[in-house]
Amino acid sequence: MKEKMKVAEIIVVEGKDDTRRIQEVVAADTIETIGCAINDEILKQIEHAQETRGVIIFTDPDYSGEKIRKTIMEVVPDAKHAFLSRKVAVPKKNGGSLGVEHASDEAIIEALKKVVTPVQADEDYQEIPRQTLVEYGLIAGANAKKYRELLGDDLRIGYTNSKQLVKRLSMFRITETELKESMTRILKELANEE
C-alpha cells in the first residue's frame, strides 16, 4: 500500500465529511469549523494551531466556504490557503452542494501541494487598477464570472465575486504582470476550445 502524503500543518475544514475525506487521502490533523457556525472557541483553537504547527484553510469553493475563510483570516491573517476549483468539488449525485468531500484524491493532493500564503504589508506592491480588471472582463461583461473562476484556478487564489477579486489579488500580491500572463493563458485556452 502506498504511503500517504504527510501534512505538517493542521488543516481547517468545514465539517466531519471533509475531515473523513482529507484523512482518506493524506496523513493530517484537522479542525472543523462546523460550517458557518464557527465560533470564538473554534477560532481560538485555530489561532493556537497556527502558533504551534501552522494551519491550512481548506474550505469548500462556495459562498459559505469563502465566508468561513474570511472569518478565519481576520484572526489568523498569515494562515496558508488550499483551494479547489468548483468543477472538482461537484458531488457525483445531483442535488448536493460543492465540497471538499466530493473531490478526487488527486485534486486534494494537488490543492495541498499548491498551498499559498498571503504576503503581509509590502510597501512596494502596486495594487492592480480596477480599470485593468474591467478591461480583462473580470468585473463587468458577459463572461466575467467564468473568467474569475478560471483566473482563481490558474492563480490558485480560489473563486471570487468581483468585489472579493480586488482583495484576493492584493492579499496574495498578484502583480499586474502575473495577471496579464494568467489571462493570456486563459484566453488562449478558451480560443482553442472553440
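Criteria and cut-off values
- Residues numbered from 1 in each chain as written.
- Predicted model: local features only at pLDDT ≥ 70, side-chain atom pairs only at ≥ 80, totals over all residues.
- Heavy atoms only, no water.
- Buried < 20%, exposed > 50% of the residue type's maximum accessible area, 1.4 Å probe, protein only.
- Helix = DSSP H or I, 4+ residues; strand = E, 2+ residues; numbered from the N terminus.
- Pairing = 2+ DSSP bridges.
- Axes fitted to C-alpha atoms, helices over the stretch in contact; angles between N-to-C directions.
- Left-handed = near helix turned anticlockwise from the far one by under 90°.
- Contact = heavy atoms within 4.5 Å.
- Nonpolar A, V, L, I, M, F, W, Y, C, P; charged D, E, K, R; others polar.
- Phe/Tyr/Trp six-rings, centres within 6.5 Å; stacked < 30°, edge-to-face > 60°.
- Lys NZ or Arg CZ within 6 Å of the ring centre and 35° of its normal.
- Core = buried A, V, L, I, M, F, W, Y, C linked by side-chain atoms within 4.5 Å.
- Expected span 1.5 Å × (residues − 1).
- Arc of directions from axis to C-beta.
- Polar contact = N/O pair within 3.5 Å; in protein donor to acceptor, adjacent residues only side chain to side chain.

Let's talk about the pairing of strand S2 (residues 10–13)
When a strand is regular, its side chains alternate between the sheet's two faces.
Phase 1 of the analysis: In S2, alternate side chains face the same way, and those of Ile10 and Val12 on one face and Ile11 and Val13 on the other are all buried.
Phase 2 of the analysis: As paired strands, S2 and strand S5 (residues 55–57) are joined by three bridges and run parallel to one another. Bridge pairing in S5 places Val12 opposite Ile57.
Phase 3 of the analysis: By the bridge criterion, three bridges tie S2 to strand S4 (residues 30–32) in an arrangement that is parallel. Residue pairing for S4: Val13 is matched across the bridge by Glu32.

Let's talk about unusual backbone geometry
Phase 1 of the analysis: Even without glycine at this site, Ile34 takes up a positive phi of about 60 degrees.
Phase 2 of the analysis: As for its position among the elements, Ile34 is in the loop between S4 and helix H2 (40–52).
Phase 3 of the analysis: In this structure Ile34 comes out as exposed when scored by relative accessible area, which is 56%.
Phase 4 of the analysis: For Arg156, which is not glycine, the phi torsion reads 60 degrees and is therefore positive.
Phase 5 of the analysis: In this structure, Arg156 sits in the loop between helix H6 (144–155) and helix H7 (162–171).
Phase 6 of the analysis: For Arg156, a relative accessible area of 33% gives the class partly exposed.

Notes on the packing of H6 against helix H8 (residues 176–193)
Phase 1 of the analysis: For the pair H6 and H8, interaxial distance at closest approach is 10 Å and the crossing angle is 115 degrees. The two elements H6 and H8 cross, and the hand of that crossing is right-handed. Contact residues: Lys146, Tyr147, Leu150, Leu151, Asp154 and Leu155 in H6; Glu178, Leu179, Ser182, Met183, Arg185, Ile186, Leu187 and Leu190 in H8.
Phase 2 of the analysis: Here the contact of H6 with H8 is composed, by residue class, of nine nonpolar, one polar and four charged.

Some details on the packing of aromatic side chains
Phase 1 of the analysis: Scanning all chains against the criterion turns up one aromatic pair.
Phase 2 of the analysis: A centroid spacing of 6.2 Å and a plane angle of 80 degrees characterise the contact between Phe83 and Phe172, whose relative ring orientation is edge-to-face. Here Phe83, found in the loop between strand S6 (80–81) and helix H4 (105–113), pairs with Phe172, found in the loop between H7 and H8; they are 89 residues apart in sequence, far enough to count as distant.
Phase 3 of the analysis: With relative accessibility at 14%, the residue Phe83 sits in the buried group.
Phase 4 of the analysis: Directly above the ring of Tyr159 sits Arg86, whose terminal nitrogen or CZ lies 4.6 Å from the centroid.

Describing the nonpolar core
Phase 1 of the analysis: In this structure, Ile46, Val55, Ile72, Leu133, Leu138, Leu151 and Leu169 are the most contacted members of the largest nonpolar core, which totals 35 residues.
Phase 2 of the analysis: For this core, the secondary structure elements donating two or more residues are S2, H2, S5, helix H3 (63–75), H6, H7 and H8.
Phase 3 of the analysis: In this structure, Val13, Val26, Ala28 and Ala89 belong to the second largest nonpolar core, which totals 18 residues.

What about H2?
Phase 1 of the analysis: If you check H2, its first and last C-alpha atoms are 18 Å apart, about what 13 residues at 1.5 Å a residue would give, namely 18 Å.
Phase 2 of the analysis: Within H2, the full set of buried residues consists of Ile42, Leu43, Ile46, Ala49 and Gln50. Considered in projection along H2, the buried side chains sweep an arc of 120 degrees and stay on one side of the axis. Projecting away from the buried face of H2 at angles above 90 degrees are the exposed residues Asp40, Glu41, Lys44 and Glu51.
Phase 3 of the analysis: As for H2, its buried residues are in contact with S2, S4, S5 and H3.
Phase 4 of the analysis: For H2, the capping residue at the N-terminal end is Asn39, with a side-chain oxygen 3.1 Å from the backbone nitrogen of Glu41.
Phase 5 of the analysis: Once H2 ends, the next one or two residues include Gly54, with phi positive near 90 degrees.

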